[in-house]
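Overview (structure and organization)
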Amino acid sequence: NAGVTQTPKFQVLKTGQSMTLQCAQDMNHNSMYWYRQDPGMGLRLIYYSASEGTTDKGEVPNGYNVSRLNKREFSLRLESAAPSQTSVYFCASILRTRGLNYGYTFGSGTRLTVV
Amino acid sequence: GQQVMQIPQYQHVQEGEDFTTYCNSSTTLSNIQWYKQRPGGHPVFLIQLVKSGEVKKQKRLTFQFGEAKKNSSLHITATQTTDVGTYFCAGYEKLTFGTGTRLTIIP
């Protein structure tokens, strides 16, 4: 029972390079999320997908794109990395039902450094 | 938009002392969740509060949801070294996280 799996765990990019962060969950959750965590800033929502086939912007979407490939997978793409995108990125998923939601399950994170 | 503030930002306590963190929202929340993140780790779900005035306990942890559903608190009794980490509250609707309270324990 893997839960939420993120790859890669660590990545160093040069300014201007692109990359895709992968996230997959095996819990049959319908909603998936991408957060970034910077020191002293808590977790900030980048994009989310309430259900398969839909994506929406969060608090800090600029410089990112997402793809909800299927129910299991939700990827985050940096088209042209900038040093300001140095952060720890977390993917999370949840089974959201009418009137109720349960705890989010987070992946172990991707530590990204842009130089 | 919804803003969730959390205080204090840091708390250092002697092992065995109590610890409390407070969470305040600018808007009424339908529910609130609490998470713990160990150093170098990822957030782990602790509990969800839904009802006005709700109080829930998990061993030494006590969670409260305010009557107006705009604030919440987490109280840990007799802290242990295993309690070290950052505690986040999160409001529903896109799970807006508070800034967190980092708890360190002095053995």
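What counts and how
- Residues numbered from 1 in each chain as written.
- Chains lettered and ligands numbered in written order.
- Predicted model: local features only at pLDDT ≥ 70, side-chain atom pairs only at ≥ 80, totals over all residues.
- Heavy atoms only, no water.
- Buried < 20%, exposed > 50% of the residue type's maximum accessible area, 1.4 Å probe, protein only.
- Helix = DSSP H or I, 4+ residues; strand = E, 2+ residues; numbered from the N terminus.
- Pairing = 2+ DSSP bridges.
- Disulfide = S-S within 2.5 Å.
- Axes fitted to C-alpha atoms, helices over the stretch in contact; angles between N-to-C directions.
- Contact = heavy atoms within 4.5 Å.
- Polar contact = N/O pair within 3.5 Å; in protein donor to acceptor, adjacent residues only side chain to side chain.
- Buried area = accessible area lost by both parts, 1.4 Å probe.
- Salt bridge = Lys/Arg side-chain N within 4 Å of Asp/Glu carboxyl O.
- Nonpolar A, V, L, I, M, F, W, Y, C, P; charged D, E, K, R; others polar.

Residue and element names in this part refer to chain A. Counted residue by residue, strand 3 (residues 19-25) has five buried out of seven residues, so it is predominantly covered. One ladder, built from four bridges, connects strand 1 (residues 4-7) with strand 3; its direction is antiparallel. Bridging from a neighbouring strand, V4 pairs with Q25 of strand 3. Note: strand 3 against strand 8 (residues 74-78), three bridges, orientation antiparallel. Note that in strand 8 the partner of L21 across the bridge is L76.

Time to look at the state of the cysteines. Counting across every chain of the model gives two disulfides over all chains. Two residues, A:C23 and A:C91, share a disulfide whose sulfurs are 1.9 Å apart. Its torsion about the S-S bond being -75°, the disulfide of A:C23 and A:C91 is classed as left-handed. Residue A:C23 is located in strand 3, and its partner A:C91 is located in strand 9 (residues 87-94); the two are separated by 68 residues in the primary sequence. Taking the relative accessible area as the measure of exposure, A:C23 reaches 3% and is therefore buried. Paired through a disulfide, B:C23 and B:C89 show a sulfur-sulfur distance of 2.0 Å.

The next subject is the sheet that holds strand 6 (residues 55-58) of chain B. Think of a sheet as strands paired side by side through backbone hydrogen bonds, with each pair either parallel or antiparallel. Residues and elements named next belong to chain B. Across the sheet, five strands lie side by side as 1-3-8-7-6; this open sheet has antiparallel pairing. Among the strands making up the open sheet, the edge pair consists of strand 1 (4-7) and strand 6. On average, adjacent strands in this sheet sit at an angle of 15° to one another, irrespective of strand direction. Pairing of strand 3 (residues 19-25) with strand 8 (residues 71-76) involves six bridges; the strand directions are antiparallel. Its bridge partner lying in strand 8, F19 is registered against I76.

The next point concerns unusual backbone geometry. The step from A:T7 to A:P8 runs through a cis peptide bond, and the omega angle for that step is -5°. Topologically, A:P8 is positioned in the loop between strand 1 and strand 2 (10-13). At the junction of B:I7 and B:P8, the peptide bond is cis and its omega measures out at -5° in the coordinates. Relative to the helices and strands, B:P8 resides in the loop between strand 1 and strand 2 (10-14).

Looking now at the environment of A:Y104. Relative to the helices and strands, A:Y104 resides in the loop between strand 11 (100-101) and strand 12 (105-106). A:Y104 sits 59 residues away from A:L45 along the chain, and the two C-alpha atoms are 13 Å apart. With residues up to four places along the chain from it excluded, the contact list for A:Y104 reads A:Y33, A:A92, A:S93, A:I94, A:R96, B:Q33, B:Y35, B:F45 and B:L95. Only 3.2 Å separates the side chain of A:Y104 from the side chain of A:Y33, close enough to count as a polar contact.

A word on the sheet that holds strand 8 of chain A. Residue and element names in this part refer to chain A. Strand order in the open sheet made by the four strands is 1-3-8-7, with antiparallel pairing throughout. The outermost strands of the open sheet, each flanked by one partner alone, are strand 1 and strand 7 (64-68). The sheet shows a mean angle of 15° between the axes of neighbouring strands, direction not considered.

The next point concerns the interface of chain A and chain B. Of the residues lining the interface, 18 residues belong to chain A; the matching set on chain B comes to 18 residues. Here chain A and chain B share an interface that buries about 1,500 Å² over both sides, 53% of which is from carbon and sulfur atoms. Here chain A is connected to chain B by zero salt bridges. Inspection of the region where chain A meets chain B yields three residue pairs in polar contact (both at pLDDT 80 or more). Those elements that place two or more of their residues in the side of chain A that touches chain B are strand 4 (31-38) and strand 5 (42-49) of chain A. Top contributing element to the side of chain A that touches chain B by residue count: strand 5 of chain A, with four residues. Residue composition of the side of chain A that touches chain B, grouped by class: eight nonpolar, seven polar and three charged.

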